[in-house]
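The chain contents come next:
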Amino acid sequence: MKTLLVALNAKYVQSNLAVRTLRTACLDYNLECEIYESNVNEQLSTHLEAIVSSNPDIIGFSCYIWNISQVKLLISDIRKLLPQVVIVLGGPEVSEVPEDSLTKYKPDYVIAGAGEKAWPELILALIDGRQMPRVIRMPVSLTETQFPYLPHEDLKNHLVYYEASRGCANRCAYCLSSVNRQIEFRPLELVFDDLEKLWRMGVRQVKFVDRTFNLDKSRTMLIWQHLKEKYPEGNFHFEIAADRITDEELEFLKKIPKGLFQMEIGVQSTYEPTLEAINRKTDITKLLQRLKELSQETDVLIYADLIAGLPYESFARFLQSFRDVIQTRTDRLHLGFLKLLPGTALRENAKELGLIYSDYPPYEILKTEQISFGELNWLKGLDWTVDTYYNSGFFEETLKNISSSKLGDFLIELTDKLKDANELNRRRKLEFRFEFLAKSYPVLADFVLIDFFKQGLSRSLPSWYEGEIYLESNYELERKLAPENKNPVLILRLSEKLQQVYQTPKIALIMGEPHIDRRCEKIIKL
């Protein structure tokens, strides 16, 4: 029988770990599986054509919150074109509610939980004509699983996912990972061997999917040290609990070179009643302190997450959570909106908690007893503002000259200004973002101008700037600063205000090479 595993990722750059794990597991049974991998941004007809033209006997879909709507539509059309095909669903979107998924999506089988054993056993049963239950549960140890990627795969330009542990120690009521609280670690010798294989395949960006990577302190340090020593040119992403970071770990992370590590830290809320309601045990004071230290004292790229729409957190109280986190100067801040996932405790208790959510994926919160639909929509505008003006890194000079304690209020006020001007979510040229900020806050216009020049958008003063900074031309100095004549140099005579800030009358912006990366590489005081 011909089997096809289908992965519809959220983005092109992603690679699906689940389907590769199942394909590798089948090799132990002398079974072969093909993979169709694409993303949800492609046309549905493109997926349908590729799947049907493969003419499979068995199709396995990897189901997630971002692709389940497309999977449902594909199943409907596949049934009409390939009426004899066996359709199997697996993944987090169906695993915790398998019986409901049988009714809702109409597959032949649902694999609930790990699939490394269930998938090949199901294929063998179908080949032999043996009966199998429609919901299949076959637990498997992470120590028994094989390296999921094949040597010939071209993953050089992809973000590759890797699982060094399985399960979660937390009981967060909004998360499916809390369902499986049995923690299992892949042996370190296997982890190190797997990482070496990935490196030989040309993989340079790896995201560890472990739910709390720094759960085991000694193991965490051993892996971090190994990565620092063996793969200094790589990039590795971890999800960590910041309040579990020890002083020893913090000192080690201060020595990590820029670009090697990225860390995602789920804060979710700084409101104790909310944290208690979602079963999230967090030392919020220590978490914020560690978040500040990691963001300001290390070269690790730090992402922080907040979730709007959680129980008991009002609009005003969420804005306080926002202020609390943004003043740590985390490199990136993502404002998420609660998803009431099937199988989670919050979904089961939604009525009791006053949580009103959409019936359709991604099951997003619509309103709560504490926060209205309109307020949630305003927060989506704040999320856009944060992405555009904070996360982008385009306004670094401007934002670092706003005190940390006032940064949250600044971005809140900027969101109101953008909303009043009907500019939220509008597509504009990047130059306009600088113009809007400079005109909205004339006191910041000098800093905005430097940020404008740092992006390589122009080599002359823009029409919207009316301050005292001006460009100077000094060919000999420019060539001295960039002797190979490849990098343009902008020399700026600073205003009196900026001379005090930069402690110099002039600065030189050494720009990147044209046609490669024209952004500023460094600033030199003159």
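Every chain begins its residue count from 1, and numbering advances along the sequence as written. In view of the model being predicted, local features appear only for residues whose pLDDT reaches at least 70, and side-chain atom pairs are presented and counted only at 80 or more, with totals across whole chains, interfaces and linings using the full set of residues. Water and hydrogen atoms were dropped before computing side-chain values, which therefore reflect all heavy atoms in the structure.

Turning our eyes to something else, we now look at the overall build of the protein. Along the backbone of the protein there are 21 helices and 20 strands. Relative to the compact-globule value of 24 Å for 526 residues, the protein shows a C-alpha radius of gyration of 26 Å, a close match. Each of the three principal axes of the protein carries a C-alpha extent, and together these read 85 × 55 × 50 Å. Residue burial in the protein is summarised as follows: out of 526 residues, 55% are buried. The contact rule is simple, with two residues in contact once any of their heavy atoms fall within 4.5 Å. Here the analysis covers contacts within the protein between residues at least 6 apart in sequence; of these, 67% occur between residues at least 24 apart. We count a stretch as a helix when DSSP gives it H or I for four or more residues in a row; a strand needs E for two or more, and each element gets its number in order from the N terminus. With the radius of gyration taken over C-alpha atoms, the globule rule is written as 2.2 Å times the number of residues to the power 0.38. Working definition: with a 1.4 Å probe on protein chains only, accessible area under 20% of the residue-type maximum means buried, over 50% means exposed, and in between means partly exposed.

So, about empty space enclosed by the protein. Sizing a probe to match a water molecule and rolling it over the atoms shows the empty space that remains. Residues are said to line a cavity or pocket when one of their atoms sits within 4 Å of a point; the points come from a 1 Å grid over protein atoms alone, cavities being sets where a 1.4 Å probe fits but cannot get out and pockets being open sets with protein on both sides within 12 Å along at least five of seven lines. Grid points are joined across faces, edges and corners, and a volume is the space filled by probe spheres set on the points. According to the stated counting rule, one finds 4 cavities of 30 Å³ or more in the structure shown. Lining the largest cavity are Leu17, Thr21, Glu116, Leu142, Thr145, Gln146, Pro148, Tyr162, Glu163, Arg166, Arg186 and Asp194. Of the volumes computed, that of the second largest cavity is approximately 50 Å³. Around the second largest cavity sit Ala164, Ser165, Phe185, Asp210, Thr212, Phe213, Leu215, Arg219, Thr220 and Ile223, which together line it. At 3 residues, helix H8 (residues 217-230) tops the list of elements feeding residues into the lining of the second largest cavity. When residues are sorted by character, Ala, Val, Leu, Ile, Met, Phe, Trp, Tyr, Cys and Pro go into the nonpolar class, Asp, Glu, Lys and Arg into the charged class, and all the rest, Gly among them, into the polar class. Split by residue class, the lining of the second largest cavity holds 5 nonpolar, 3 polar and 2 charged.

What follows is about the sheet that holds strand E17 (residues 470-472). Here we have 4 strands laid out as an open sheet, ordered E17-E18-E19-E20, and antiparallel in their pairing. Each edge of the sheet is formed by a strand with only one pairing partner; in this case those strands are E17 and strand E20 (520-525). Put simply, the sheet's adjacent strands are angled 30° from each other on average, direction ignored. Note on pairing: two strands pair once DSSP finds at least 2 bridges between them. For strand E18 (residues 489-493) and strand E19 (residues 506-511), the ladder comprises 5 bridges, and the chain directions are antiparallel. Each residue of the ladder has a partner; that of Arg493, found in E19, is Lys506. All axes are obtained by fitting lines to C-alpha atoms, using only the stretch in contact for helices, and the reported angles, taken between N-to-C directions, cover 0 to 180 degrees.

Within the fold, Cys175 resides in the loop between strand E8 (165-166) and strand E9 (184-185). Exposure remark for Cys175: the relative accessible area of 18% places this residue in the buried category. Note: C-alpha distance between Cys175 and Gly393 (218 residues apart in sequence) is 30 Å.

This part covers the layout of surface pockets. In this structure, the second largest pocket encloses a volume near 1,300 Å³. In terms of lining residues, the second largest pocket is bounded by 34 residues, among which Lys258, Asp331, Arg332, Gly393 and Glu396 are the most central. Only strand E12 (261-268), helix H11 (284-297), helix H15 (373-391), helix H16 (396-399) and E20 provide two or more residues apiece to the lining of the second largest pocket. In terms of residue count, the dominant contributor to the lining of the second largest pocket is E20 (4 residues). Here the residues of the lining of the second largest pocket sort into 10 nonpolar, 11 polar and 13 charged.

Strand order in the open sheet made by the 6 strands is E2-E1-E3-E4-E5-E6, with parallel pairing throughout. Only two strands of the sheet have a single partner each, and these edge strands are strand E2 (34-39) and strand E6 (135-136). Here 2 bridges tie strand E5 (residues 109-111) to E6, and the two strands are oriented parallel to one another. Within E6, the position partnered with Ile111 by the bridge is Ile136. Relative to the sheet, helix H1 (residues 17-27) contacts strand E1 (3-9), E2 and strand E3 (58-62), its axis offset from that of E1 by approximately 160°.

Right, let's talk about a nonpolar patch on the surface for a bit. Each patch is built from salt-bridge-free residues with over 30% relative accessible area, joining like charges within 9 Å and nonpolar side chains (Val, Leu, Ile, Met, Phe, Trp, Tyr) within 5 Å. Each accessible area is a Shrake-Rupley result for a 1.4 Å probe, and residues are judged covered by the shown protein chains and nothing else. By definition here, a salt bridge exists when the distance from a side-chain nitrogen of Lys or Arg to a carboxyl oxygen of Asp or Glu is within 4 Å. A cluster of nonpolar side chains, contributed by Ile356, Leu366 and Phe373, occupies part of the molecular surface with about 260 Å² of accessible area. Residue position: Leu366 is located in strand E16 (residues 365-367). Classification of Leu366 by relative accessible area gives partly exposed; the value is 32%.

Planes of paired rings set the category: under 30 degrees apart is stacked, over 60 is edge-to-face and the rest tilted, where pairs are Phe, Tyr or Trp rings (Trp by its six-membered ring) whose centres lie within 6.5 Å. Under the counting rule described, the total for this entry stands at 20 aromatic pairs. Where Phe238 meets Phe261, the ring centres are 5.1 Å apart and the plane angle is 80°; that geometry is what we call edge-to-face. Of this pair, Phe238 sits in strand E11 (residues 235-240) while Phe261 sits in strand E12; the two residues are 23 residues apart in sequence, bridging distant segments of the chain. Side by side, Phe238 and Phe261 carry an identical accessibility label, which is buried. Cluster of aromatic residues (ring-pair linked, three or more members): Tyr162, Phe208, Phe213, Trp224, Phe238 and Phe261. Lying across the ring of Tyr363, Arg347 places its NZ or CZ 4.8 Å from the centre. Only Lys NZ and Arg CZ are tested; either one counts as a charge over a ring when it is within 6 Å of the ring centre and within 35 degrees of the ring normal. The residue whose ring lies beneath Arg428 is Phe432, and the NZ or CZ to ring-centre distance is 4.1 Å.

For the pair H15 and helix H17 (residues 404-420), interaxial distance at closest approach is 9 Å and the crossing angle is 110°. In terms of orientation, H15 lies roughly perpendicular with respect to H17. In this structure, H15 uses Trp378, Gly381, Leu382, Trp384, Thr385, Val386, Tyr389 and Tyr390 to contact H17, whose residues at the interface are Leu407, Leu411, Ile412, Leu414, Thr415, Asp416, Leu418 and Lys419. Its residues placed into classes, the contact of H15 with H17 shows 11 nonpolar, 3 polar and 2 charged. Any angle between 65 and 115 degrees counts as roughly perpendicular, while under 35 counts as roughly parallel, over 145 as roughly antiparallel, and the rest as oblique.

Applying the stated rule across the entire model yields 31 salt bridges. Where Glu397 meets Lys400, a salt bridge forms, and the shortest distance between an N and an O atom there is 3.4 Å.

Its 17 residues give H17 an end-to-end C-alpha distance of 25 Å, which sits within 8% of 24 Å, the value for a rise of 1.5 Å per residue. If you check which residues of H17 are buried, you get Leu407, Gly408, Phe410, Leu411, Ile412, Leu414, Thr415 and Leu418. On its buried face, H17 is in contact with helix H12 (315-326), H15, H16 and helix H18 (430-440). Backbone geometry just after H17 places Asn422 at a positive phi near 60°. Working rule for helices: expected span equals 1.5 Å times residues minus one.

Okay, the pairing of E12 next. Extensive coverage of E12 is indicated by the burial of 7 of its 8 residues. With the strands pointing away from the viewer, any crossover whose connection runs clockwise from the first strand over the helix to the second is right-handed. Each parallel crossover has a hand, and for E11 linked through helix H9 (residues 247-253) to E12 it is right-handed. Here 6 bridges tie E12 to strand E13 (residues 301-308), and the two strands are oriented parallel to one another. Across the sheet, the residue bridging to Gly266 is Asp305, located in E13.

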